[in-house]
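Now for the letters of each chain:
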Amino acid sequence: MFRTALRNVFAHKARLLMTVLAVMLGVAFVSGTLVFTNTISDALQKSSAKGFDHVDVAVTPGWKDAGGDELGEAYELTPAMVEDSARVPGAARAIGVVTGFTAMADRDGRLIGDGFQSQGGNYWGTDDPRYPLTEGHAPKGADEVLIDTETAKRTGYQVGDTVRMSVDGPVLEPVVAGVFTTDDGNVAAGGSLALFDTATAQKLFGKGDTFDEIAVKAKDGVSDAALRAELDKALPAGAVETTTGTKLAEDQASMIASSMEEMKQSLLVFAGIALFVGTFIIANTFTMLVAQRTRELALMRAVGASRRQVTRSVLLEAFVVGAVAAVVGLLTGIGIGAGLQALMGTFDGSVPAGPLVVTPGTVGTAFAVGVLITMLAAWLPGRRAAKIPPVAAMSSVHAKATTRSLVLRNTLGALVSGAGVAVVLAATTMSGTDGQAPMGIGAVLLIIGVFILTPLLSRPLIAAAAPVLRVFGVSGKLARQNSVRDPRRTAATASALMIGLTLITGMTVVAGSLQNAIDKMAASSIEADYVVSMANGNWLSPDVGRALKQSDGVTATSPLRNGAVRLDGGTDFVTGVDGASIGELTDFPVLDGAFEVTGTRVVVDQETAEEYGWKARSRFALTYEDGEKQELTVAGVYEGNKMFRGIMLDTATLAPHQSDPLDMQVMVKTSGGASDAAKDGLVEALGTNPGIKVKDKKDISNELASTLTLVLNMVYGLLGMAVLVAVLGVVNTLAMSVFERSQEIGMLRAIGLDRKGVKRMVRLESLVISLFGGVLGIGLGVFFGWAAGRLVDSTVATYELILPWDRLAVFLLLSGAVGVIAALWPARRAARLNMLGAIKAE
């Protein structure tokens with residue numbers, strides 16, 4: 001039986017090729033994901049560990065006890081603490097560390113890197129061991145700065161050049177005093193790092209004469225644990241927290257591993273989809289191979305082979321196919337991982353260099369996936385083959401499924417589909433995250449149910465194409481009959497394409513509807529022409545609002561100023577606005593009272609009002625951060641959204657209670673409305689500041705939707721693998737079907753069907769099957785998009801279902817294109833069959 005199985009593999013190697021390719025693609029996806037994420041994770045961890053080479057113990061501020069479960073203010077790390085740390089036994093040196101956001105512009109005035117990756121810090125003394133200088137000297141005073149070597153390469157800045165920077169609003173123009181090297185991960189990811197002398201950094205970042213951290217280095221032979229113990233003795237108990245450099249490196253490595261694990265799991269989900277689609281091809285291939293070898297298997301049974309031996313022989317063939325696919329897939333996956341690593345290195349947002357990491361786990365996973373998936377998919381065809389009685393097999397009376405089996409299948413499919421629809425509909429009545437798990441379960445059940453029902457659905461849906469197929473004459477009629485000749489085979493082939501299109505369509509519907517909701521949210525609530533904010537989302541200096549108010553063409557401005565307060569025994573936040581202008585800059589539906597913000601009169605959103613039991617004319621007391629209490633009156637209740645919510649009060653009321661008022665954003669309205677000239681005027685009024693963004697409504701919508709767009713494009717790319725596997729499935733089914741129908745095709749040729757007619761027949765058959773899968777996939781995708789939208793609707797008030805008809809039409813055309821492309825080789829092969837040889841074939 002072993003020799004027979006191997007012989008069959010070699011005898012049918014051409015017909016098994018597509019199965020090997022399908023499994024190989026899935027294995028390559030899995031192993032490529034593992035190699036890439038392991039390589040990047042290893043490189044980032046090693047690079048991160050280098051960043052702690054100059055820190056054996058880190059000293060950070062402790063927290064004052066505020067009573068209850070809340071933390072009070074943080075203690076301050078003073079210069080005296082730095083000196084005390086440097087004097088403890090075993091300490092080689094202690095460095096006071098100051099960090100903060102620092103936006104840096106390139107030569108064209110554009111922000112370098114992402115705002116969140118633009119950082120600043122202090123250079124300690126004249127020779128900071130953390131940042132070795134490659135040229136220049138240590139910075140002295142507010143007019144000098146150091147930049148990292150990567151930023152110098154990207155921008156072309158040299159020692160002596162003037163650089164435009166910003167910390168919290170006002171523009172700085174220091175001179176580059178030197179260039180240094182660093183292992184900072186933000187720099188490796190395309191950001192920048194600027195270093196000032198310690199006094200300047202403390203002033204710019206609002207630290208006074210304090211530090212964010214004290215980095216202590218141990219003397220040779222002193223362990224970090226011993227040094228930490230000495231520091232705990234020397235520094236005030238409770239005022240500081242000490243952590244060893246080893247622990248910091250471990251925590252950072254754990255964080256990186258956790259982050260990469262999320263990416264790995266996401267990619268593996270799509271790899272799993274591709275493999276799941278591949279199982280249809282495997283099952284189809286072995287079903288057809290078993291059907292073609294019915295008499296051979298019957299003869300084996302007649303000469304003494306047991307049912308188990310027949311099943312094992314089929315599984316052994318599957319094992320060989322899976323093992324070959326796993327080896328090729330693993331090698332391809334390693335190549336993919338190496339290619340992705342090299343590709344990442346070509347971007348500004350690069351990752352640290354490192355060796356390619358291929359773990360034993362990756363190798364084992366590749367073989368396990370390749371072999372197990374293939375054997376599981378081949379088990380059912382093998383079991384069916386073993387159950388065929390020898391006499392029945394020799395007379396081929398087993399060829400068609402019995403009415404009883406089809407009724408059983410259709411009944412099971414209807415029950416599973418019904419259960420799936422019921423669970424999905426029940427999930428739509430739940431709120432947000434509560435409905436996600438039931439929605440997923442229902443979606444899986446419905447997809448499985450539709451797959452089971454696909455043979456039943458194939459006849460009416462394919463029959464609907466009959467009028468179009470009649471245009472192609474005899475070839476069209478034969479194509480339709482061939483498509484429904486074996487409903488199970490058609491179902492398995494179409495289902496592979498259906499799954500990919502279901503996911504793509506569902507994601508497209510949700511993404512399009514969300515984009516529309518975001519646009520409506522911005523358009524309906526913002527009357528301002530522009531919103532000004534820091535590039536990294538940090539606070540703006542109040543000087544920015546004052547500069548904008550005095551700018552030419554500006555008719556109204558209002559800051560959005562955050563303030564912490566004590567309310568009903570807990571901590572809450574209020575938003576300070578310009579009471580005289582906020583009505584011109586926003587347009588919220590008022591549900592109760594009036595939108596009036598002045599003095600002690602405030603407005604609150606509906607959610608906050610319901611939480612505290614307020615309504616128009618309600619009074620409540622709160623305590624500001626300076627400890628003063630005040631009674632406020634609710635002038636009105638408005639309908640909030642994701643962009644605006646909470647308590648709004650006049651900045652004139654809030655500002656006296658804040659020691660260091662800072663704005664989140666500034667809203668601006670201009671006399672001529674939004675225009676390029678108006679935007680340029682605002683940018684110039686702010687000194688062409690690299691750290692500040694001036695955004696109109698469209699910019700706000702695009703910014704909110706950018707992550708969604710990125711995810712959608714990634715999903716398109718990743719699900720493209722599943723669609724490619726589905727294409728292989730169509731090719732495989734058609735090719736084996738042509739081989740199976742060689743005698744029939746020969747007879748058609750003999751009675752007058754020419755080569756073009758044969759080609760047209762096979763192409764139309766492929767087109768019909770692919771469009772059948774496309775229609776099912778798009779239909780299911782729209783349903784799932786609607787259902788998922790119901791969950792989103794519970795949290796986004798402006799959400800409504802938008803069907804992207806243009807994209808749906810493109811998806812249907814693409815499914816047709818899949819059919820045409822997949823039929824190229826099988827159609828050519830069918831047309832080139834020798835007429836007499838085909839007629840004599842068994």
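Refer to the structure presented above.
Before going into details, it helps to say that this report is about the structure given with it. (Residues numbered from 1 in each chain as written. Predicted model: local features only at pLDDT ≥ 70, side-chain atom pairs only at ≥ 80, totals over all residues. Heavy atoms only, no water.)

This next bit is on the overall build of the protein chain. Along its length, the protein chain carries 28 helices and 25 strands. A burial count over the protein chain gives 48% of its 842 residues as buried. Contacts in the protein chain between residues at least 24 apart in sequence constitute 81% of all its contacts with a sequence separation of at least 6. (Helix = DSSP H or I, 4+ residues; strand = E, 2+ residues; numbered from the N terminus. Buried < 20%, exposed > 50% of the residue type's maximum accessible area, 1.4 Å probe, protein only. Contact = heavy atoms within 4.5 Å.)

This part takes up the sheet that holds strand β9 (residues 144-148). Pairing is mixed in the open sheet, where six strands are placed in the order β5-β7-β13-β9-β12-β8. Each end of this open sheet is capped by a strand with a single partner; those strands are β5 (99-101) and β8 (133-136). Taken over all neighbouring pairs, the strand axes of this sheet differ in orientation by 30° on average, direction set aside. (Pairing = 2+ DSSP bridges. Axes fitted to C-alpha atoms, helices over the stretch in contact; angles between N-to-C directions.)

Within the structure shown, the criterion is met by eleven aromatic pairs. Pairing Tyr131 with Phe180 gives two aromatic rings, centres 5.3 Å apart and planes at 65°, and the pair type is edge-to-face. Highlighted residues: Tyr131 in the loop between β7 (118-123) and β8 and Phe180 in strand β12 (residues 175-180), separated in sequence by 49 residues. One exposure class covers both Tyr131 and Phe180, and it is buried. A centroid spacing of 4.7 Å and a plane angle of 15° characterise the contact between Tyr612 and Trp614, whose relative ring orientation is stacked. A residue is classified by how much of its surface remains accessible, and Tyr612, at 19% relative accessible area, is buried. Taken together through their ring pairs, the aromatic side chains of Phe588, Phe595, Tyr638 and Phe644 make up a single cluster. (Phe/Tyr/Trp six-rings, centres within 6.5 Å; stacked < 30°, edge-to-face > 60°.)

Moving on: the pairing of β9. Two faces, one strand: in a regular strand the side chains alternate between the faces of the sheet. Of all five residues making up β9, four are buried, and the element is well covered by its neighbours. Both β9 and β12 contribute to a ladder of five bridges, which runs parallel. Each bridged residue has a counterpart across the sheet, and for Val145 the counterpart in β12 is Val176. Direction of pairing for β9 relative to strand β13 (residues 192-197): antiparallel, over a ladder of two bridges.

Take a nonpolar patch on the surface next. On the surface, Val324, Val327, Val328, Leu331, Leu356, Val358, Val363 and Phe367 cluster together into a nonpolar patch covering about 580 Å² of accessible area. For the nonpolar patch, the secondary structure elements donating two or more residues are α10 (307-346) and α11 (360-387). If you trace the backbone, Val358 turns up in the loop between α10 and α11. (Patch = residues over 30% accessible without salt bridge, like charges linked within 9 Å, V, L, I, M, F, W, Y side chains within 5 Å. Areas by Shrake-Rupley, 256 points an atom, 1.4 Å probe, with all protein chains shown as cover. Salt bridge = Lys/Arg side-chain N within 4 Å of Asp/Glu carboxyl O.)

We now examine the nonpolar core. The biggest cluster of nonpolar side chains holds 80 residues, and the ones touching the most others in it are Phe286, Met498, Val762 and Phe784. Looking at this core element by element, the count peaks at 13 residues for helix α25 (residues 755-793). Beyond its immediate stretch of four places on either side in the chain, Val762 contacts Leu734, Val738, Ala823, Pro826, Ala827 and Ala830. Grouped together as the second largest cluster of nonpolar side chains are 33 residues, Phe196, Ala201, Leu235 and Val240 included. (Core = buried A, V, L, I, M, F, W, Y, C linked by side-chain atoms within 4.5 Å.)

Turning our attention to unusual backbone geometry. Its identity as a non-glycine residue notwithstanding, Arg617 has a phi of 80°, on the positive side. Among the secondary structure elements, Arg617 is positioned in the loop between α20 (606-612) and β21 (619-623).

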